[in-house]
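Here are the chains, one letter per residue:
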Amino acid sequence: MSLFPAATPPVVNNGLVLNGATQYAKVRNGILLPQSFTWYAEFSPTFAYDENVARALSDGDAAASRVMLLKNDAAGLYRLLLLVGTGAVYAAVADYSALWRQNQRNRICVMAAGGGGSMYLNGSAVAVATNPWTLTQSSFFYLGSSFTGSAFFSGVLYDFRLYTRLVTAAEAVEITTV
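Structure report, in brief. (Residues numbered from 1 in each chain as written. Predicted model: local features only at pLDDT ≥ 70, side-chain atom pairs only at ≥ 80, totals over all residues. Heavy atoms only, no water.)

Some words on helix 2 (residues 169-176)
Here comes step 1: Within helix 2, the full set of buried residues consists of Ala172, Ile175 and Thr176. Taken around the axis of helix 2, the buried residues stretch over an arc of 90°, which confines them to a single face. Pointing more than 90 degrees away from the buried face of helix 2 are the exposed residues Ala170 and Glu174.
Here comes step 2: Those residues of helix 2 hidden inside the fold are in contact with strand 5 (37-45), strand 10 (106-113), strand 11 (116-121) and strand 14 (154-163). (Buried < 20%, exposed > 50% of the residue type's maximum accessible area, 1.4 Å probe, protein only. Helix = DSSP H or I, 4+ residues; strand = E, 2+ residues; numbered from the N terminus. Arc of directions from axis to C-beta. Contact = heavy atoms within 4.5 Å.)

Shown next as structure tokens:
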């Protein structure tokens, strides 16, 4: 794993602490993801669920696959969002605000398949998508920012996983329950 910029973000209590302004980690992706996969992270955000700033928990190069937290879209809607190639799974603020834990550990899991996907936050399903898409592969993963070096995550990232299969709904509840 190589860290950018040159000042290495500190690791505290087995987590990568990111300042929300300049720090992120760039990790070479050695996994060719199949059309169906699962993305998981455990994190503590320092920001509220309705902060008016886009924050990226992870991203792939060339916008291949990104997980944005608190994306304020053109309609002014706050969302948890997974963009995968040509498709998306997202949760509106009404679906996740009661589950969001500022300055505490959160767990999020997104199961993505060519025909749609679903998202779980802290043990509860918050989104289901049925739109078909085509997956775009990434050479790198950026943890804590978008691939363009913006939308910096502010908080601690404790765990990040990619599964080359879809986890079941029961597994998603189990691994996201805090």
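Alright, that's what it looks like, and here's the rest.
Here's the deal with the side chain of Thr38
Here comes step 1: Position of Thr38 relative to the elements: it lies in strand 5.
Here comes step 2: For Thr38, a relative accessible area of 0% puts it in the buried group.
Here comes step 3: Here Val167 takes part through its backbone nitrogen, which lies 3.0 Å from a polar atom of the side chain of Thr38.
Here comes step 4: The residues touching Thr38, leaving out its near neighbours within four places in the chain, are Cys109, Val110, Met111, Arg161, Leu162, Tyr163, Arg165, Leu166 and Val167. (Polar contact = N/O pair within 3.5 Å; in protein donor to acceptor, adjacent residues only side chain to side chain.)

A closer look at the nonpolar core
Here comes step 1: Core analysis: the biggest nonpolar cluster contains 28 residues, and Trp39, Leu57, Leu80, Ile108 and Met119 have the highest contact counts within it.
Here comes step 2: Take this core: its biggest share by element is four residues, from strand 5.
Here comes step 3: With eight residues, the next largest nonpolar core counts Tyr120, Tyr163, Val167 and Ala172 among its residues. (Core = buried A, V, L, I, M, F, W, Y, C linked by side-chain atoms within 4.5 Å.)

Side note on the packing of aromatic side chains
Here comes step 1: Applying the stated criterion across every chain, the model contains six aromatic pairs.
Here comes step 2: Ring geometry for Tyr96 versus Trp100: centroids 6.1 Å apart, planes at 65°, classification edge-to-face.
Here comes step 3: Linked through ring pairs, Phe43, Phe47, Tyr96, Trp100 and Phe153 together constitute an aromatic cluster.
Here comes step 4: The ring centre of Phe47 lies 5.3 Å from the NZ or CZ of Arg55, which sits over that ring.
Here comes step 5: Directly above the aromatic system of Tyr158 lies the positively charged group of Arg105, at a separation of 3.5 Å from the ring centroid. (Phe/Tyr/Trp six-rings, centres within 6.5 Å; stacked < 30°, edge-to-face > 60°. Lys NZ or Arg CZ within 6 Å of the ring centre and 35° of its normal.)

In short, geometric facts, not functional conclusions.
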